[in-house]
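As a plain string of letters, each chain reads:
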Amino acid sequence: MSVAHGDNVVEQYLDYRSEESREETLGKIETLISDLIAGVADTGLATIKLSNRRAAESTRFDKETLHLTTRDVADTKQNIIAFPGPTILNSWRFAVLMRTLDIISESLTSGKVVTKRDIYYRETWLFRNQAIVDRIVDDIGRTLNVPRAALGIVAAQKGLACGTFCIHKRDCTLIAVEGEIQLIPPLEEIKSVDVMDVDFVLVVEKEAIFRSLCSSKFYNRADIGRSILVTGKGYPDLTTRQFISNIAACHPDIPLFGVVDSDPYGIDILCTYKFGSRAMAHENSHLTALKMEWVGVNVLEYEDGWTKLSVGDRKKALKMLSLPWMETEAAMAMRLELQRMLFLGQKAEMNVVGTEAHGVITYLTHAIKTRLDASITH
């Protein structure tokens with residue numbers, strides 16, 4: 001692999017978020033406020049028509065790209081927010097919107113990024129809960145017709161990575177990872193990623209198992225090679241999904257594996273990395289890693305560790321089997337696993353391979369070596 005070539009591809013991939021410059025987004029916010037002021041002069045009311053992203057977009061599955069995407073539909077559910085309003089609730093909504101726009105403008109003007117969590121903690125008494133901020137940010141993005149990154153808002157960080165790789169940041173600093181556990185930085189801060197001749201990447205559902213693998217130096221083994229280990233600590237945040245998608249897109253020759261619980265939620269986590277999510281369907285082309293292979297655990301492998309599926313598990317499995325990507329060849333192994341769970345009425349967690357590091361290492365070494373050997377023969 002040519003590192004220089006890899007870096008060029010990485011930068012091209014990362015530049016998708018620059019489609020809207022700070023100046024353009026600020027201009028759109030200024031136009032929105034100007035229209036509001038003009039409305040006050042005409043009617044005595046400060047009024048903003050705020051689009052509802054979920055109401056204004058329809059999610060569909062593209063069978064050619066295997067991506068969840070969105071298409072615009074008639075935006076019949078605009079939220080009209082006015083001040084002074086007929087109720088205290090309406091006035092509160094106006095205050096929430098204006099304060100959020102103020103924080104976004106401040107972020108864009110200063111060039112500093114913020115997270116939705118940061119916005120919430122600026123004014124907890126006003127926003128009341130995190131869901132309010134999440135919804136208003138999404139609706140502002142829809143109203144201005146820009147992605148969230150163009151608003152100067154990045155995903156909060158929780159994903160971890162370990163192995164041997166370098167992250168070149170846009171502020172000219174370098175994060176050189178040599179076996180220590182690293183918090184994955186937001187993609188907006190990354191200029192390029194140097195994977196240093198890594199043989200594969202392994203995504204681990206559970207943080208405890210990830211840390212066990214790291215402490216045992218699973219990322220550097222003579223029998224299966226060098227690797228990057230990643231965990232999103234359960235359902236991954238956007239930063240972790242972007243990081244994995246980045247590696248998959250920019251280094252297509254590096255195998256990408258995922259190990260999750262053999263239960264409906266574990267399979268759903270794998271599908272989130274692989275196919276994306278409905279909530280972020282409008283950005284899924286930069287959040288997915290279709291090449292990810294499932295390496296376990298398999299419910300048939302450890303009968304002694306079975307636990308019964310709950311009613312909620314069954315509902316989740318049936319709902320997942322109805323999803324459009326489950327009909328594709330790329331999802332065949334996961335589809336069969338869900339069907340096995342439903343037939344047996346059982347599930348198996350990753351811990352069934354052994355609570356000690358040795359059990360996990362033995363299981364994963366065999367599973368990964370089998371797939372690496374198979375890829376060589378083909």
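Relevant structure appears above.
Residues numbered from 1 in each chain as written. Predicted model: local features only at pLDDT ≥ 70, side-chain atom pairs only at ≥ 80, totals over all residues. Heavy atoms only, no water.

Along the backbone of the protein there are 13 helices and 17 strands. The burial tally for the protein puts 53% of its 378 residues in the buried class. In the protein, the proportion of contacts linking residues at least 24 apart, taken out of those at least 6 apart, comes to 74%. Carbon and sulfur atoms make up 53% of the accessible area of the protein, which amounts to about 17600 Å² in all. (Helix = DSSP H or I, 4+ residues; strand = E, 2+ residues; numbered from the N terminus. Buried < 20%, exposed > 50% of the residue type's maximum accessible area, 1.4 Å probe, protein only. Contact = heavy atoms within 4.5 Å. Areas by Shrake-Rupley, 256 points an atom, 1.4 Å probe, with all protein chains shown as cover.)

With respect to the helices and strands, the residue Lys-347 is situated in strand β17 (residues 346–347). Separated by 85 residues in sequence, Lys-347 and Ser-262 have C-alpha atoms that sit 5.7 Å apart. Setting aside chain neighbours within four positions, we find Lys-347 in contact with Ser-262, Asp-263, Val-299, Gly-305, Trp-306, Thr-307, Lys-308, Leu-309 and Asp-313. In this structure the side chain of Lys-347 is engaged in a polar contact, spanning 2.8 Å, whose partner is the side chain of Asp-313. (Polar contact = N/O pair within 3.5 Å; in protein donor to acceptor, adjacent residues only side chain to side chain.)

Helix α11 (residues 311–321) packs onto helix α10 (residues 264–275) with a crossing angle of 35° between their chain directions and a minimal axis gap of 9 Å. Once α10 is placed against α11, the crossing between them reads as left-handed. Of the residues in α11, those touching α10 at Pro-264, Tyr-265, Ile-267, Asp-268 and Cys-271 are Gly-312, Asp-313, Lys-316, Ala-317 and Met-320. Partitioned by chemical class, the residues of the contact of α10 with α11 number six nonpolar, one polar and three charged. (Axes fitted to C-alpha atoms, helices over the stretch in contact; angles between N-to-C directions. Left-handed = near helix turned anticlockwise from the far one by under 90°. Nonpolar A, V, L, I, M, F, W, Y, C, P; charged D, E, K, R; others polar.)

This paragraph deals with the nonpolar core. With 42 residues, the main nonpolar core has Val-230, Ile-244, Ile-267 and Met-326 as its most contacted residues. At six residues, the largest contribution of residues to this core is made by α10. Grouped together as the second largest cluster of nonpolar side chains are 31 residues, Leu-97, Ile-103, Phe-127 and Ala-150 included. (Core = buried A, V, L, I, M, F, W, Y, C linked by side-chain atoms within 4.5 Å.)

A few words on the pairing of strand β11 (residues 200–204). With five of five residues buried, β11 lies mostly within the body of the structure. Taking every second residue as pointing to the same face, both faces of β11 are buried, with Phe-200, Leu-202 and Val-204 on one and Val-201 and Val-203 on the other. Bridge analysis of β11 against strand β13 (residues 225–231) gives five bridges, and the strand direction is parallel. Each bridged residue has a counterpart across the sheet, and for Leu-202 the counterpart in β13 is Leu-229. As paired elements, β11 and strand β14 (residues 256–259) share four bridges and run parallel to each other. The residue of β14 that forms the bridge with Val-203 is Gly-258. (Pairing = 2+ DSSP bridges.)

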